Amino acid sequence: MNAPREHWSGGLGFTLAAVGSAVGLGNMWRFSYMAAENGGGAFVVLYVVMTLLIGLPVMLAEFTLGRGAARSPIEAIGHYGGSRWKPLGVLFVVTGFTILGYYSVIAGWAVRYAVEGLAFGFPADAGAHFGEISEGWDTVAWHLGFMAITVFVVSGGVRAGIERAAILLMPALGAMIIGLAIYANSLEGAGAGYAYYFQTDFIQILDFDVARDAAGQAFFSLSLGMGTMLTYASYLSREHDLPQEAGLIAISDFGIAVVAGLVIFPLLFALGLETQIMGGETGTLGALFVVLPKAFSSMGAAGPFVGGAFMVALSVAAVTSAMSLLEVVVATAVDGLGWSRPKAAIVSGAAIALLGIPAALDIGILELMDSVGGALFLLVGGFFLALFVGWRVPDPIAEVGGTRRAGLGLWRFLLRWVVPSVLLLMSYFQGQASLELIRKLAG
Ligand code: PFF
């Protein structure tokens, strides 16, 4: 028989862990490269619209299912919908594998930059340096090291592992990012960076490609569409106010993404590197890891400290997100196969680490895994999740609990009609974009 289900210790434990999941590479690396690719302000506006319209309703749906069933995703979905719906839970687990596989590779870059930057400073020839560290067997080694840390934390359990790490790391992360933004503000020329960041080319708001990227990014950044928030909520007790938690998490996540932009864009403009964020030999995906180190190396004595702080913050953000990705798979193995937590963490961590090796050897594969796992699967997962909670779960509003009912009718309406329509359309466009990448890789 299994041990009784663990719970968060109460207080801020759950909230910090969920914010830790949401705030990650997505807020710093992915948000800024997507904003740069999609016209700055227009992207930010669409991102906010997508968060409010489809992100928040899906987050509340995940919380409701998770807490209501107190089970990992496949079992939770089975609990409310019978075995016909279980494949949706399987999709979640597959998505967890795919995302963590390449996520850990990028996190490995960040950890390596942090360690090497603090020890030796940042290389002046950052483009060539990134070419060396972004692919190859060295990259595999840093990826495996990062996976090992993640496995270690998750084996510790919900309270002693995940929650403890989040309580320790999240306040430090917030302080580091705000400190960096204040420093960036003191640089001469920072104003041009802000201007770029907030300039809005409103025509692009009507562009489906921008909307597709904004939807994908909203899901990625909020850790939605693969049962992560569902799994975290399954360790939650009844007294938490779910709509309030969802709002708090979305606001913190967006806040950190915006503040990270307030670090990145002023830095680039102050050092005259702004044109390079748009791509170059590594494409925009790697640009942050080329242009920022270049900025740190041209900063003089402050470089290693500022750069080191940035890369440490990035690594910390990555680890608290990676824990949540692994937890989906681990919880599934613990509930479904009856494995002990350490065994589940080691075995699934090893399998995911293997899956990430091709991404560590070839950045084209990494890009494809990001497009398929990090966008398409999340959008498709969110589509079915909305239909499931909107139509199949008997009385989702009662499951939310609490005393406040205001807005929950609207929530159910959004889940039934608006969220599925938007996500179907966005999944279609994302499918096209992923196919495009497959053709590029094959050709
Ligand atoms: N939200 C994380 C980030 O922004 O980096 C990434 C992520 C974690 C995506 C967990 C999906 C997920 F289930």
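Everything below is about the structure printed above this text.
This is a predicted model, so every value here is computed, not measured. (Residues numbered from 1 in each chain as written. Predicted model: local features only at pLDDT ≥ 70, side-chain atom pairs only at ≥ 80, totals over all residues. Heavy atoms only, no water.)

Turning our attention to the overall build of the protein chain. Counting its regular elements, the protein chain contains 18 helices and 0 strands. Scaling as 2.2 N^0.38, a compact globule of 443 residues should have a C-alpha radius of gyration of about 22 Å, and the protein chain matches this with 21 Å. In terms of its C-alpha atoms, the protein chain occupies a principal-axis envelope of roughly 60 × 50 × 50 Å. For the protein chain, buried positions account for 59% of its 443 residues. A total accessible area of about 16,300 Å² is found for the protein chain, and carbon and sulfur atoms account for 67% of it. Across the protein chain, 21 positive and 29 negative side-chain charges occur, with their mean positions spaced 14 Å apart. (Helix = DSSP H or I, 4+ residues; strand = E, 2+ residues; numbered from the N terminus. Rg over C-alpha atoms; globule rule 2.2 N^0.38 Å. Buried < 20%, exposed > 50% of the residue type's maximum accessible area, 1.4 Å probe, protein only. Areas by Shrake-Rupley, 256 points an atom, 1.4 Å probe, with all protein chains shown as cover. Lys, Arg positive; Asp, Glu negative; His and termini not counted. Charge placed at Lys NZ, Arg CZ, Asp CG, Glu CD.)

The next thing to look at is the nonpolar core. Core analysis: the biggest nonpolar cluster contains 156 residues, and Phe 289 and Phe 310 have the highest contact counts within it. Considering each element in turn, this core owes the most residues, 18 residues, to helix H14 (residues 303-337). Setting aside chain neighbours within four positions, we find Phe 310 in contact with Met 28, Leu 180, Val 263, Ile 264, Leu 292 and Phe 296. (Core = buried A, V, L, I, M, F, W, Y, C linked by side-chain atoms within 4.5 Å. Contact = heavy atoms within 4.5 Å.)

This part is about the site of the ligand. Close contacts around the ligand come from 15 residues, with Ala 22, Gly 26, Tyr 103, Phe 220 and Thr 228 the closest. In the model, a nitrogen atom of the ligand is placed 3.0 Å from a nitrogen or oxygen of the Ser 223 side chain. Look at the ligand: alone it shows 340 Å² of surface, and the protein chains cover 100% of it. If you list the elements that add at least two residues to the shell around the ligand, you get helix H1 (13-22), helix H2 (25-37), helix H10 (208-221) and H14. Here the residues of the shell around the ligand sort into 6 nonpolar, 9 polar and no charged. (Near = heavy atom within 4 Å. Polar contact = N/O pair within 3.5 Å; in protein donor to acceptor, adjacent residues only side chain to side chain. Nonpolar A, V, L, I, M, F, W, Y, C, P; charged D, E, K, R; others polar.)

This part is about the packing of helix H5 (residues 86-120) against helix H7 (residues 137-155). To describe two helices that pack against each other, one gives the angle between their axes and the distance between the axes. It is at 7 Å that the axes of H5 and H7 come closest, and there the two elements cross at 100 degrees. For the element pair H5 / H7, the angle class is roughly perpendicular. Contact residues: Leu 100, Gly 101, Ser 104, Val 105, Ala 107, Gly 108, Trp 109, Val 111, Arg 112, Val 115 and Glu 116 in H5; Asp 138, Thr 139, Trp 142, His 143, Phe 146 and Met 147 in H7. Its residues assigned to classes, the contact of H5 with H7 shows 9 nonpolar, 5 polar and 3 charged. (Axes fitted to C-alpha atoms, helices over the stretch in contact; angles between N-to-C directions. Parallel < 35°, antiparallel > 145°, perpendicular 65-115°, else oblique.)

Quick look at the pattern of salt bridges now. Enumeration over the complete set of coordinates arrives at 8 salt bridges. In this structure, the salt-bridge partner of Asp 213 is Arg 212, at a minimum N-O distance of 3.2 Å. By the burial criterion, Asp 213 is buried, and Arg 212 matches it. The partner of Arg 341 in a salt bridge is Glu 327, with the nearest N and O atoms 2.9 Å apart. Note that Arg 341 is positioned in helix H15 (residues 341-361) and Glu 327 in helix H14, a separation of 14 residues in sequence. (Salt bridge = Lys/Arg side-chain N within 4 Å of Asp/Glu carboxyl O.)

Before going further, it helps to spend a moment on the side chain of Asp 253. Position of Asp 253 relative to the elements: it lies in helix H12 (residues 242-270). Buried and unpaired, Asp 253 has no salt bridge, with Arg 30 as the nearest side chain of opposite charge at 10 Å. A polar side-chain atom of Asp 253 sits 2.8 Å from a polar atom in the side chain of Asn 27. When residues no more than four places from it in sequence are discounted, the contact partners of Asp 253 are Ala 22, Val 23, Asn 27, Tyr 47, Ser 221 and Leu 222.

Another point: the environment of Asp 241. With respect to the element layout, Asp 241 can be found in the loop between helix H11 (228-233) and H12. Separated by 161 residues in sequence, Asp 241 and Gly 402 have C-alpha atoms that sit 6.3 Å apart.

Time to look at the environment of Ile 346. Relative to the helices and strands, Ile 346 is located in helix H15. Overall, Ile 346 belongs to the exposed group, its relative accessible area being 53%. A C-alpha to C-alpha distance of 35 Å links Ile 346 and Ile 178, two positions 168 residues apart in sequence.

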